[in-house]
Every structure is written in structure tokens, then in C-alpha cells.
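Analysis of the macromolecular model
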Amino acid sequence: MSDNPQSKNGAPAKPANYRRLTDDDLFRHSSQYRFWSFTPDQLKQKRIEVNAHAVVSVEEDLRKFIAEHRDNLSDEELRTIEERAVPVNMDEEVKLVNFYAKKVQAIAQRLNLPTEIVATAITFFRRFFLENSVLEIEPKTIVFTTIFLACKSENYFIGIDSFAAKTKGSKTEILKYEFKILENLKFCLMNHHPYKALHGFFLDIQVILHGKVDLKYMGQIYDRCKRRITNALLTDVVYYYAPPQITLAALMLEDEALTTRYLELKFHGNTETENPNQDANVSINFDKLISMINSCKDIIENAPPVPVEEAKAIMAKVLYSRNPQVLLNKLKRKNPSESPEDSPDKR
């Protein structure tokens, strides 16, 4: 006779310490969580360190350039280098990366790539610049590479010849930085995007609010939330919050009343009384959950766009600080009567 305890239905009883493995458990054991999850202070410090390291190198190169050409530089040229060949700071780096991440999104969507691949391309691009400065590698040089790598990592086959033809890019340039990107991604290509959680919530809302929601309306919410989530990947919420939390924030932005009602029925009061709609193995404080979702929602909602002119100005600073000769050549082409400070940069 077996010593294993039996449940009422005859199946083996679950151990006393049994706990169902959730998607959240899988995420928190993933490389994405280990390597690419930060607190706001940790993320800021990481960006400061990457920028500071690059600035030291750029400033050293500028000093060498001035020392080598001092005899041939006029006072006006020295002053121009001092005033305009200035390395970008951390905030300017973030703006430039976000500007080009938006270009990654636009190009990938123009190629009619699936949503998951667009998301992965954005993710790869932004993670790369958590390890590298725009002063070391210009963002535009890896735009096509991150999209091509995203296709490969998501098993969406497209040959390099076909990809280069569609993007009108150089095969050599596209492949040039592929391994460097892989290194800086720590060879971690698996991504937990919020779209999977969106599908789960979409189904669960229909169960919890059965008979109270219109399926056609829910379909519209689903489509709009997918777009919200893709735009959220352009913000720092991906480093602060788990994918389901980002999904709930997107749902809140689309229909706050519906989402709040769902969460109330699903989780409210579960610390005091048994909630039949909640998994017995999951303990979630409703008030903390709402506060967390609202914080995430605020970041998504208030993410400022980077104007083209501002991005051009930042990119000009990158160019001049890395190659002051370009600035001097520009100065020589100017009308002698025109001050270098008076003419806007056009690149």
C-alpha cells in the first residue's frame, strides 16, 4: 500500500510547501531581470558612469589635438573648440538614444515586422547604450544592426542580402557591429515583453467581468494597449517594472474605470478575507498594486518627446567633440564677417 497521501479526487496530495510556479517567478529568474532591472538611482548611476568614462577619453583626445595643432590655430579657432567641442552630458545622451530608439521603431514598423520583433529591436538598441556611450559609437550606426539581430533572435528569418536591400543599408556595416552588440547584451537574447501578459489579462478580464464587458470593445482596448506597450518600451519603465505591471499601466491609460474594477474584484481585500477570484498561492496588496501601477503609468504618460532640432544639436556636439577638425573646417567656410556663434548648425 502506498504511503503517499491522497486528495479527495484520488490524485496525489500536494506537499505542504507546494507553490505554483508563475510567470512572474520565471521572469525574476531570467537574465533580463538579473542584468537589466534597476532602481531609478541605479539606472542613473550606471548612465553617469558610462558617460563619465567616455568624456574622459574624449577630453584627452581634444587636449592632444590642441597640443598637436596649437601653432597653427588662431585665437578664434581655439575659442571655438573650447566653446563648441564639448562632450555631451548624461541627460543629452539619454535624449539622443531615445530619439534614435524611436527611429528603430519607425524603421522596423515600416518593414512590416511583427510587433515582438519591433519590441526586441528597441530593447536591444536601448540596452546597448546602457553599456556604451554615444561618444564612442554613434547611435545611427547600429540602427539597422539591432533590427537585423532582433529578427534573428525572434526566429524571423530574413537573409542579409534581402534585409540590406529593403533598408538600403550596407551589408558590411550592418554586420560590422553584430558581435559587439551581442557582447554588450551579455549574449542574453530572451525577452519577456508585456504583450504576453496583455493576452492573459485580456482573457481574465472577460472571466472576472463576465457579462459586464463588450467583447468588441475589449478587442479595441487590446489593439490600443499593444501600441501603448510598444511606446512604453521607449521609456525607462522597462528597467523599473515587471512586464505585467507595465501591461496594467497600459490598460489603466486606455480605460482606468474598467481596469480598476477588474483589479478590485480580483485582488481587493485579499489580505483580510478569502477572495474566490484570486489564486490561493498569490498574495498581493491591492493598495500597493494600484500605487505601483499609477507610478508606472505616470512615467509612460509623461515621457517627453525629443524634438528633431534638439537631437541635431546634441548630435553636433558629439561630432565636434569627437572630431574638432570638422568644426574648424566649418569655421573656415564661414563668411569672415560672420561669427561662428551666429550660424545654426546644419548637418
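Residues numbered from 1 in each chain as written. Predicted model: local features only at pLDDT ≥ 70, side-chain atom pairs only at ≥ 80, totals over all residues. Heavy atoms only, no water.

Thoughts on the pattern of salt bridges
According to the stated counting rule, one finds 15 salt bridges in the structure shown. Lys186 serves as the salt-bridge partner of Glu131, at 3.1 Å between the closest nitrogen and oxygen. Of the two residues, Glu131 sits in helix H6 (residues 115-131) while Lys186 sits in the loop between helix H10 (178-184) and helix H11 (195-208), which places them 55 residues apart along the sequence. With relative accessibility at 26%, the residue Glu131 sits in the partly exposed group. (Salt bridge = Lys/Arg side-chain N within 4 Å of Asp/Glu carboxyl O. Helix = DSSP H or I, 4+ residues; strand = E, 2+ residues; numbered from the N terminus. Buried < 20%, exposed > 50% of the residue type's maximum accessible area, 1.4 Å probe, protein only.)

As for the packing of aromatic side chains
Each pair of aromatic rings is reported with the distance of its centres and the angle of its planes. Counting across every chain of the model gives nine aromatic pairs. On the basis of an interplanar angle of 65 degrees and a centroid distance of 6.0 Å, the ring pair of Phe38 and Tyr239 is categorised as edge-to-face. With Phe38 in the loop between helix H2 (31-36) and helix H3 (40-69) and Tyr239 in helix H13 (residues 237-240), this residue pair connects regions lying 201 residues apart in the sequence. For the pair formed by Phe38 and Tyr239, the shared burial category is buried. Measuring from ring centre to ring centre gives 5.5 Å for Phe99 and Tyr100, while their planes differ by 85 degrees; the resulting arrangement is edge-to-face. Tyr100 matches Phe99 in its accessibility class, with the two residues each being buried. Following the ring pairs from residue to residue traces out a cluster consisting of Phe125, Phe128 and Phe129. (Phe/Tyr/Trp six-rings, centres within 6.5 Å; stacked < 30°, edge-to-face > 60°.)

That is the geometry; function is a separate question.
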